[in-house]
Amino acid sequence: MNDMPKISEAEYEIMKAVWKNAPISTNEVVELFEGGNWSPKTVQTLLARLVKKGALGYEKRGRVFVYSPLIDEEEYRREESSSFLKKFYNGALNSMVLNFIDGDKLSPDDIDELTRILEKGAKGEEK
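Residues numbered from 1 in each chain as written. Predicted model: local features only at pLDDT ≥ 70, side-chain atom pairs only at ≥ 80, totals over all residues. Heavy atoms only, no water.

Asker: Could you give an account of the overall build of the protein chain, naming the residues involved and the relevant values?
Answerer: Helix and strand content of the protein chain: 6 helices and 3 strands. Mapped in sequence order, the helices and strands of the protein chain form the string α-β-α-α-β-β-α-α-α. Taking 2.2 N^0.38 as the reference for a compact globule, 127 residues should give roughly 14 Å; the C-alpha atoms of the protein chain span a radius of gyration of 19 Å, well beyond that estimate. Taken along its principal axes, the extent of the C-alpha atoms in the protein chain is 55 × 30 × 30 Å. Looking at the protein chain as a whole, 24% of its 127 residues qualify as buried. A separation of at least 24 residues holds for 52% of the contacts in the protein chain among residues at least 6 apart in sequence. (Helix = DSSP H or I, 4+ residues; strand = E, 2+ residues; numbered from the N terminus. Rg over C-alpha atoms; globule rule 2.2 N^0.38 Å. Buried < 20%, exposed > 50% of the residue type's maximum accessible area, 1.4 Å probe, protein only. Contact = heavy atoms within 4.5 Å.)

Asker: Let's hear about the packing of aromatic side chains: which residues, and what values?
Answerer: Under the defined criterion, the tally for this structure stands at 8 aromatic pairs. Members of the aromatic cluster, each reached through a chain of ring pairs, are Tyr12, Trp19 and Tyr76. (Phe/Tyr/Trp six-rings, centres within 6.5 Å; stacked < 30°, edge-to-face > 60°.)

Asker: Talk me through the packing of helix H1 (residues 9-21) against helix H3 (residues 40-52); I want residue IDs and the actual numbers.
Answerer: It is the contact of H1 with H3, at a shortest axis distance of 10 Å, that shows an interaxial angle of 90°. Classified by the angle between their axes, H1 and H3 sit roughly perpendicular to one another. Of the residues in H3, those in contact with Ala10, Glu11, Ile14 and Met15 of H1 are Val43, Leu46, Leu47, Arg49 and Leu50. Split into classes, the residues belonging to the contact of H1 with H3 amount to 7 nonpolar, no polar and 2 charged. (Axes fitted to C-alpha atoms, helices over the stretch in contact; angles between N-to-C directions. Parallel < 35°, antiparallel > 145°, perpendicular 65-115°, else oblique. Nonpolar A, V, L, I, M, F, W, Y, C, P; charged D, E, K, R; others polar.)

Asker: Give me the sheet that holds strand E3 (residues 64-69): which residues, what numbers.
Answerer: Strand order across the open sheet formed by 3 strands is E1-E3-E2, with antiparallel pairing between neighbours. Lying at the two open borders of the sheet, with one neighbouring strand each, are strand E1 (24-25) and strand E2 (56-61). As judged from the 2 bridges shared by E1 and E3, these two strands associate in the antiparallel manner. Bridging from a neighbouring strand, serine 25 pairs with valine 66 of E3. Contacts from H1 reach E1, E2 and E3, with the element oriented near 90° to E3. Packing against the sheet, H3 makes contact with E2 and E3, and its axis sits at approximately 115° to E2. (Pairing = 2+ DSSP bridges.)

Put into structure tokens, the structure is as follows:
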């Protein structure tokens, strides 16, 4: 999907809740974020923004709004990952991995796990 909506970090937190619990009412979303940094009004504002951006759809059931995602979670992750690679590493995955290795951000265990994943991928196995 080329016209994937741009979603802020806060909106992404709301999207994760909707993806996991859809269909979900406004009150249910608010409850999920109770005790956090956001007021109910903030959660409602984020939901409204996501509807406006085309990431969420809703239907009114009586006096309650019930939300469902209009974008697929995996498709969104793939699009964002690709965008990140293009923006910071000119689209080259190997450049990103080298940056993490050179920056000592990967532990030996991380490197072993990455090696296993790459070996499975080379054999066409499921990751």
